[in-house]
Amino acid sequence: DLFSCQELPVPEERPKRTASGDAARALRAIFSASWSAKQPLAPSPCFYTGGAATWRCQSFSSEKKVEENSPVTPMLKHLLMKIKSTGPITVAEYMREVLTNPVKGYYMHHDMIGEKGDFVTSPEISQMFGELIGVWLVSEWMASGKCKKFQLVELGPGRGSLTNDILRVFNQLDSLLSKCDISVHLVEVSPKLSEIQALTLAEEKGELMDGSPAYMQGVAKTGLPVFWYRDLSDVPAGNNFYLAHEFLDALPIHKFQKTEKGWRELLVDIDPEVPDKLRFVLAPSATAASEAFIHEMESRDHVEVCPDAGIIIQKLAQNIEKNGGAALIVDYGHNGTKTDTFRGFCGHKLHDVLTAPGTADLTADVDFSYLQRMAQERVATLGPIKQQDFLKNMGIDLRLQVEATVCHRGIKANFTELNGYNYVFWI
């Protein structure tokens, strides 16, 4: 899904901002001509195929029963000690520890993306995805008045492939962007992934200025400055164009279940029958989170809420409202209709979320209706729409035809691998 943020449009002064508008069509024509004439872009790679009340964990996010001899990982030992000391923990705290614990967190010390990892993302499948996002960004920049400063901000850049493809588009459209001061700002907490991103993007490392909020700086192969930050709040305010591709789905969620006694939060506890295994339990009474995040009109019997995603959307909306720009969010998600989506992936297969923590990715679908509420009408929100529709609107059919001509081989416009999301959403 794509979710994006835009400055609230002024109908009589600002052109309508849409992925299939005049600016986007003009850019596609210019860019397709460049593809045909200069052939600067390599063919896209092949597609991969790629005392609380007990609540039984098989009822939530479990494709199969927990294996009897599942490994006792260092993260599991850490969690067992934590729960023994403080009691059951929220699903949000469980996710935060498992994914981003500085010492043992899943994201912190290894490369999990790609055919040899645990999951594959669209930028790793085909460069066309990033190219079309690049065209969208330039179209938004044109629609907002061609500001002299353009800060590209990506949250959770993965291996750097998406930004790399976007910068290639910017370089191809240099005649259009030559008078614009462009810089790249990456928000990444993982030391391992930031190293991979630097290898992908940067031609050389730069010297950080005293007092800089960035922890690393480099110069991209296209000559643009690149900065790395650990927190979104450290990114300089300004005319920012934000990207969040498969980022929000990995943020910690709270899970709630409707019972005869009201809403109860789902917690993670130690299984009393198997001391080195975890289980889900229901809180015996309402928690601060269940009272804060469940609204009166909720009709579902099970709800997942991601407060961190709401905070991020509020920050993006505040900056866009004040300084201009836009945001595009690409993720698995729904529009406030799904219930239990919490799941794990290991080796491209579903993995029980409580088994061998620290060895598998954890994810939950993004609730775009919640993000819209968190924008608080500060900005105009568009979508969500299916990723496949977004890519078609942006001209992926034309891009496939050009590549087929350049490569002298037939390419079927097959979106099987690039249609892995439900929606696209932008502001």
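As a reminder, the structure under discussion sits directly above these lines.
Here the structure is a predicted model, which is why all the values come from computation and not from measurement.

Attention now moves to the side chain of Thr-163. With respect to the helices and strands, the residue Thr-163 is situated in helix H6 (residues 161-172). Under the relative-accessibility criterion, Thr-163 is labelled buried at 0%. At a separation of 2.4 Å, a polar atom in the side chain of Thr-163 contacts the side chain of Glu-154. Excluding residues within four positions of it along the chain, Thr-163 makes contact with Leu-152, Glu-154, Val-184, Leu-186 and Leu-201.

Moving on, we get to the side chain of Arg-300. Counting through the fold element by element, Arg-300 comes out in the loop between helix H9 (288-293) and strand E13 (302-305). Residue Arg-300 is classed as buried on the basis of its relative accessible area of 10%. Reaching out from Arg-300, the side chain makes a polar contact with the backbone oxygen of Lys-338 at a distance of 2.6 Å. Not counting residues up to four positions away in its chain, the partners in contact with Arg-300 are Lys-258, Trp-263, His-334, Gly-336, Thr-337, Lys-338, Thr-339 and Asp-367.

Moving on, we get to helix H2 (residues 74-86). The end-to-end C-alpha distance of H2 is 19 Å, a good match for the 18 Å that 13 residues give at a rise of 1.5 Å each. Within H2, burial applies to Met-75, Leu-76, Leu-79, Leu-80 and Ile-83. The arc enclosing the buried residues of H2, seen along the axis, measures out at 135°, which places them on a common side. Away from the buried face of H2 by more than 90 degrees, exposed residues Pro-74, Met-81, Lys-84 and Ser-85 are located. Along its buried surface, H2 packs onto strand E3 (89-90), helix H3 (91-100), strand E11 (262-270) and strand E12 (278-282).

This next bit is on the packing of aromatic side chains. Enumeration according to the criterion identifies four aromatic pairs in this entry. Among the aromatic residues, those joined into a cluster by ring pairs are Phe-150, Phe-170 and Phe-241. Above the plane of the ring of Tyr-215 lies Arg-230, whose end atom (NZ or CZ) is 4.0 Å from the centre. The lysine or arginine in question, Arg-343, covers the ring of Tyr-332, its NZ or CZ lying 5.9 Å from the ring centre.

Read across the open sheet, the three strands follow the order E17-E16-E18; overall the sheet is antiparallel. The sheet terminates laterally at strand E17 (349-351) and strand E18 (361-363), the two strands that pair on one side only. With strand direction ignored, the average angle separating the axes of adjacent strands in the sheet is 40°.

For a regular strand, side chains alternate in direction, first toward one face of the sheet and then toward the other. For E11, the buried fraction is high: eight of the nine residues fall into the buried class. Sheet topology places E3 next to E11; two bridges connect them, and they run antiparallel. Each residue of the ladder has a partner; that of Thr-90, found in E11, is Leu-267. Bridge count between strand E10 (residues 254-259) and E11: four bridges; the pairing is antiparallel. When the bridges of E11 are listed, Lys-258 appears paired with Trp-263. Hairpin connection between E10 and E11: a loop of two residues separates the two successive antiparallel strands.

Turning to the environment of His-348, a few remarks are in order. Here His-348 is to be found in the loop between strand E16 (343-346) and E17. Judged by relative accessible area, which is 30%, His-348 ranks as partly exposed. Each C-alpha atom, one on His-348 and one on Asp-118, is 4.8 Å from the other, the two residues being 230 residues apart in sequence.

So, on to helix H5 (residues 127-143). The end-to-end C-alpha distance of H5, which contains 17 residues, comes to 25 Å, matching closely the 24 Å that a straight helix rising 1.5 Å per residue would cover. Burial analysis of H5 places 16 of its 17 residues in the buried class, the great majority of the element. Near the N-terminus of H5, the side chain that reaches the backbone nitrogen of Met-128, with its oxygen 3.1 Å away, is that of Ser-126. Positioned one or two residues after H5, Gly-145 has a phi angle of 105°, which is positive.

A word on the pattern of salt bridges. Inspection of the entire model under this criterion finds 15 salt bridges. Its salt-bridge partner being Arg-300, residue Asp-367 comes within 3.9 Å of it at the nearest N-O pair. On the criterion of sequence distance, the pair formed by Asp-367 in strand E19 (residues 366-367) and Arg-300 in the loop between H9 and E13 is long-range, its members being 67 residues apart. Summarising the burial analysis for this pair, Asp-367 and Arg-300 share the class buried. A salt bridge links Asp-397 to Lys-392, with the nearest nitrogen and oxygen atoms 3.7 Å apart. The structure contains a network of salt bridges with shared partners spanning Glu-131, Asp-165, Arg-168 and Arg-399.

What follows covers the pairing of strand E5 (residues 181-187). E5 sits mainly inside the fold: six of its seven residues count as buried. Bridge analysis of strand E4 (residues 149-155) against E5 gives seven bridges, and the strand direction is parallel. What sits directly across from Glu-154, in E5, is Leu-186. Pairing between E5 and strand E8 (residues 225-229): four bridges, direction parallel. Across the sheet, Val-184 pairs through a bridge with Val-226, a residue of E8.

Procedures and definitions
- The numbering scheme is per chain: residues are counted from 1 as the chain's sequence reads.
- Reporting of local features is limited, given that this is a predicted model, to residues whose pLDDT is at least 70; pairs of side-chain atoms are given and counted only at 80 or more, and all residues count toward the totals for whole chains, interfaces and linings.
- To obtain the side-chain values, all non-hydrogen atoms of the structure were included, while hydrogens and water were left out.
- Going along the chain from the N terminus, every DSSP run of H or I of four or more residues is numbered as a helix, and every run of E of two or more is numbered as a strand.
- Under the scheme applied here, a residue whose accessible area is under 20% of the maximum for its type counts as buried, over 50% as exposed, and between as partly exposed, the area being computed with a 1.4 Å probe on protein chains only.
- Nitrogen and oxygen atoms within 3.5 Å of one another constitute a polar contact, given that in protein one can donate a hydrogen and the other can accept it, and given that sequence-neighbouring residues count only through two side-chain atoms.
- When checking whether two residues touch, look at their non-hydrogen atoms; a contact exists if any pair is within 4.5 Å.
- The span you would expect from a helix comes to 1.5 Å times its residue count less one.
- This arc is taken over the directions from the axis of the helix to the C-beta atoms.
- Here is the rule: rings of Phe, Tyr and Trp (six-membered ring for Trp) pair when centre to centre is within 6.5 Å. Planes less than 30 degrees apart are stacked, more than 60 are edge-to-face, and the remainder are tilted.
- Criterion for a charge above a ring: Lys NZ or Arg CZ within 6 Å of the ring centre, and within 35 degrees of the ring normal.
- When DSSP locates at least two bridges between a pair of strands, those strands are taken to pair.
- To obtain an axis, a line is fitted to C-alpha atoms, over the contacting stretch when the element is a helix, and the angle between two such axes runs from 0 to 180 degrees between their N-to-C directions.
- Whenever a carboxyl oxygen of Asp or Glu lies within 4 Å of a side-chain nitrogen of Lys or Arg, that contact is scored as a salt bridge.

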